[in-house]
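Topology and contacts: notes
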Amino acid sequence: MPTAVLTDRERTAVQAYLRLLQTVRAAFDGPPDGRRPPVVPTAALAEAEQALAAAGLAGNEEEFFRMLRGWCPEA
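Residues numbered from 1 in each chain as written. Predicted model: local features only at pLDDT ≥ 70, side-chain atom pairs only at ≥ 80, totals over all residues. Heavy atoms only, no water.

Scanning the chain for helices and strands turns up three helices and zero strands. In the chain, the order of α-helices and β-strands from amino to carboxyl end is α-α-α. By residue count, 25% of the 75 residues in the chain fall in the buried class. Counted over contacts in the chain with a minimum sequence separation of 6, partners at least 24 positions apart contribute 71%. Total accessible area computed for the chain in this model is approximately 5500 Å², and 57% of it derives from carbon and sulfur atoms. (Helix = DSSP H or I, 4+ residues; strand = E, 2+ residues; numbered from the N terminus. Buried < 20%, exposed > 50% of the residue type's maximum accessible area, 1.4 Å probe, protein only. Contact = heavy atoms within 4.5 Å. Areas by Shrake-Rupley, 256 points an atom, 1.4 Å probe, with all protein chains shown as cover.)

Quick look at the confidence of the model for the chain now. Note: predicted coordinates in regions of low pLDDT should not be interpreted at a detailed level. For the chain, mean pLDDT is 76; residues scoring 70 or higher make up 75% of the total. Taking the mean pLDDT of every element in the chain, the minimum, 77, falls on helix 3 (residues 61-71) and the maximum, 84, on helix 2 (residues 42-54). (pLDDT = per-residue confidence, 0-100.)

Within the secondary structure, Glu-10 sits in helix 1 (residues 8-28). A relative accessible area of 17% places Glu-10 in the buried class. Polar side-chain contacts of Glu-10 include one of 3.0 Å to the backbone nitrogen of Thr-7. Each residue touching Glu-10, except ones within four places of it in the same chain, is listed here: Val-5, Ala-55 and Met-67. (Polar contact = N/O pair within 3.5 Å; in protein donor to acceptor, adjacent residues only side chain to side chain.)

Here it is as structure tokens:
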């Protein structure tokens, strides 16, 4: 499989998604103690959505996840 170089906008979208994923994981990791946020922070979700749209990836999940696997295989 050929390696593609991500554009700045694509890289930003992947990085925003990874931050969102880390936020969700952090919210659900650890024992239940009543201190976890009930939802993903609005700012984290908005950042990911804006970055995906700016990279032209909104509604193109297959292409996005291909780039994500190339950038961060363990995600």
